[in-house]
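Structural overview for review
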Amino acid sequence: MKEHLDYAERVRTQRRTLVVTVLFSLAYLGYLSTLWYHQVLRGDQYRLEADNNILRTQEMAAYRGNILDRNGQVLVRNRLSFNVVLSREQLRSLDRVVSFLSGVLELPAETLRARVEAARQRPLHEPVIIEEDVTMSQAVAIEARRLEWPELSIVPTSRRAYPEGRLAAHAVGYVGEISRTEMDSGLFHTDLRGGDIVGKTGIERVYEDALQGFKGYKRVLVNSRGRIVEDVGVDRQPVHGSDVVLTLDVELQRTLEEAMAGHVGAAIFLDPWSGEVLAMTSMPAFEPNLFARRFPPEEWKALISDPLKPLQNRASLSRYSPGSTFKIVVAAAALEEGVIAPGTTIFCGGSGVFYGHRFRCHKAAGHGAVNMEEAIIYSCNVYFYTVGKNLGIDRIAAYSQRMGLGVKTGIDLLSEDPGLVPTPEWKQQTRGQPWYAGETISVYIGQGPLSVTPLQMARLAATLANGGREVTPHLAYQGREAEAREAERHRRETGFSEPTKATLRRAMSNVVNRGTGHRARIAGFQVAAKTGTAQFSSRSAGIDADELPYEIRDHAWLVGYAPAQEPRIAFSVLIEHGGHGGTTAAPVARKVLERFFKVEPPPPRPQPAQRAAAAPVEDPGAPAP
């Protein structure tokens, strides 16, 4: 019995030993398998993760290209700037950091805390920009205490600078941080991320690809405090942006903006043969340097709520009735279609009956019998009512579009308003109503639903100047060679006959010589132009502009070119609520033309008391009534 019990005990012991041995063997095999998996199969990954504990990838900034005028003068450049950056991986106490920075940067603690909290959704290793463009003294105060605050660092960077301030602001544009929508749009470089700076408007936006460049990347070795101790290597060198050269002339631009000071409106001066924009302004302008830094919400609200809308580029995005400047289009169409001859006279008695209604001329006593040239010189409404009635809305619309109205000019800006040339088809489609013959009356003299942009009128002036060739206005030379060749293949010719060209040239020259545009005269050069007064309110009819409240005064136009025989510059000037074009728009054009032709301005006219003694005869240059 005892032997039987001993045998059973040995068997149990052997079984237990075997189980333990198997379990230990399995555990050992599991340990070896795990070790082999981590060291062999995942070895490269863990080595990389280990390296990343001391290695960091650091961006190498690509500087945006400069923007220069046609003579090489800098309009936009980069300047050195310092940002305060927080490393959240090394952050020990947000309260202590915020308290320290609040004193140095003179910012509310709540503002600083909010900037850190706003970055919670981003990866932990991405640094947070606490404040941009700090002063040198603030940067030194923080950098001097790096041992005490290892989570903080001063990062030098470049920032956009506009040394000319508001000069050509709408043409140049401004920059800002790229938005999520812009990153998802596919219109920008794929390696851009939140916080990167991109062009938002103007040349800064249109030529973004050329100006932006490509950032580089390098690997650096950092110590436990996050300080760089060694550059390990460069993965990709940065490619800096290219400079963009504009067609603008800074000095001509400055003259234009000085001439437009105090006015609201727009003006464009361009080469009538190439379409190069020599000067372009929209007034009032904005300060682009505001956008080169973190924009306080209160400043942004003040800007967008300004009733004068300084962000609106009136040159290309605002549409106006062209007023009497449109009479040039009507005259060209009538002459080309043979509706009237240059010498045909029409009697103006101050009014006329058309389609059963009486329509008045701006001169109550009438202009008497006038031919085409005289009708343009003195801007006779009755003459153009009569001519327009014989011409018809369809032919007027066709010639308007052939001369560049109602369509975009193609200028290298982000957006552009096409204006409107009304037709019976347009009214039926948009309003569901037929076109009535009486509606055409207002179009004959540039009123009614007809609307244009100042840029379109500048191109119209260029078309008149070069004899009928359509040009594409442009602000930059970037890539223009290929575009110019392509445009030449598709260029539209208005096909003016020589008699039509000669008639329009003589008439527009005499508008300045002895008509409504005499204030645009300059010594030694013949200016060809047409004034326009676009009615803004029915309350302004028959009332002098000076007697009306500003907000309901008519808009003032001047469209033309110079010299009349061999044009070198074409222009349009629009003054909102400026009254008569010959009164407010013509002096603006004269100042710019004097600068362009380098003509010394005439001395100031004598005061009334002096004039009575020195020049008792009537001023021969007085505008026509």
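Residues numbered from 1 in each chain as written. Predicted model: local features only at pLDDT ≥ 70, side-chain atom pairs only at ≥ 80, totals over all residues. Heavy atoms only, no water.

**With respect to the overall build of the protein chain**
When you go through the protein chain residue by residue, the secondary structure sums to 23 helices and 19 strands. For the protein chain, the proportion of contacts with a sequence separation of at least 24, taken over those separated by at least 6, is 70%. A total accessible area of about 30700 Å² is found for the protein chain, and carbon and sulfur atoms account for 54% of it. (Helix = DSSP H or I, 4+ residues; strand = E, 2+ residues; numbered from the N terminus. Contact = heavy atoms within 4.5 Å. Areas by Shrake-Rupley, 256 points an atom, 1.4 Å probe, with all protein chains shown as cover.)

**Observations regarding the sheet that holds strand β19 (residues 569-575)**
Read from one edge to the other, the open sheet built from 5 strands follows the order β12-β11-β19-β18-β17, with strand pairing classed as antiparallel. The sheet is open, and its two edges are formed by β12 (277-283) and β17 (528-534), each paired on a single side. Sheet twist, expressed as the mean angle between neighbouring strand axes with direction ignored, is 5°. Alignment of strand β11 (residues 265-270) against β19, held across 6 bridges, turns out to be antiparallel. The residue bridging F269 from the neighbouring strand is F571, located in β19. In the packing of helix α19 (residues 454-465) onto the sheet, contacts are made with β11, β18 (555-562) and β19, and the angle to β19 comes to roughly 150°. Contacts between helix α22 (residues 581-596) and the sheet are confined to β11, β12, β17, β18 and β19, with β19 contributing the most and set at about 145° to the helix. (Pairing = 2+ DSSP bridges. Axes fitted to C-alpha atoms, helices over the stretch in contact; angles between N-to-C directions.)

**Quick look at the side chain of S153**
Note on placement: S153 falls in strand β5 (residues 152-161). A relative accessible area of 19% means that S153 is categorised as buried. Beyond its immediate sequence surroundings of up to four residues, S153 is in contact with N83, V84, V85 and R146. (Buried < 20%, exposed > 50% of the residue type's maximum accessible area, 1.4 Å probe, protein only.)

**A short note on the pattern of salt bridges**
Tallied over the entire structure, the rule returns 21 salt bridges. As a salt-bridge pair, E498 and K501 come within 3.3 Å of each other at their nearest N and O atoms. On the criterion of helical spacing, the pair formed by E498 and K501 is a turn pair, its members being 3 residues apart in helix α21 (residues 498-514). A single network of salt bridges, built from pairs that share partners, joins R64, R160, E204 and E208. (Salt bridge = Lys/Arg side-chain N within 4 Å of Asp/Glu carboxyl O.)

**Here's the deal with the packing of aromatic side chains**
If you walk through the whole model with that rule in mind, you get 12 aromatic pairs. Seen in terms of ring centroids, F286 and F291 are 5.8 Å apart; in terms of plane orientation they differ by 85°. Their pairing is edge-to-face. Seen in terms of ring centroids, F291 and W300 are 6.3 Å apart; in terms of plane orientation they differ by 85°. Their pairing is edge-to-face. Assessed through its relative accessible area of 9%, F291 is described here as buried. One aromatic cluster is present, built from ring pairs that chain together Y174, F286, F291 and W300. Positioned above the aromatic ring of Y355, the side-chain terminus of K389 is 5.4 Å from the ring centre. One cation-aromatic arrangement involves R402 over Y399; the distance from NZ or CZ to the ring centre is 4.7 Å. (Phe/Tyr/Trp six-rings, centres within 6.5 Å; stacked < 30°, edge-to-face > 60°. Lys NZ or Arg CZ within 6 Å of the ring centre and 35° of its normal.)

**As for the packing of helix α3 (residues 94-105) against helix α5 (residues 136-143)**
Where α3 meets α5, the axes come as close as 10 Å, and the angle between the chain directions of the two elements is 150°. By the angle between their directions, the pair α3 and α5 is classed as roughly antiparallel. You can see that α3 and α5 cross each other, and the crossing is right-handed. Residue-level contacts link F100, L101, V104 and L105 of α3 to Q138, A141 and I142 of α5. For the contact of α3 with α5, the per-class residue count stands at 6 nonpolar, 1 polar and no charged. (Parallel < 35°, antiparallel > 145°, perpendicular 65-115°, else oblique. Left-handed = near helix turned anticlockwise from the far one by under 90°. Nonpolar A, V, L, I, M, F, W, Y, C, P; charged D, E, K, R; others polar.)

**Examining the side chain of N510**
Here N510 lies in helix α21. By relative accessible area, N510 is classed as buried at 18%. When sequence neighbours within four positions are dropped, the list of residues in contact with N510 reads E373, I377 and G515.

**With respect to the packing of helix α13 (residues 327-336) against helix α15 (residues 381-391)**
The geometry of α13 relative to α15 is characterised by a closest axis approach of 10 Å and an angle of 45° between their N-to-C directions. When the axes of α13 and α15 are compared, the pair comes out oblique. Handedness of the α13/α15 crossing: left-handed. Contacts between α13 and α15 involve K327, V330, A331, A333 and A334 from the former and N381, F384, V387 and L391 from the latter. For the contact of α13 with α15, the residue count by class is 7 nonpolar, 1 polar and 1 charged.

Don't take any of this as a statement about function, it's just geometry.
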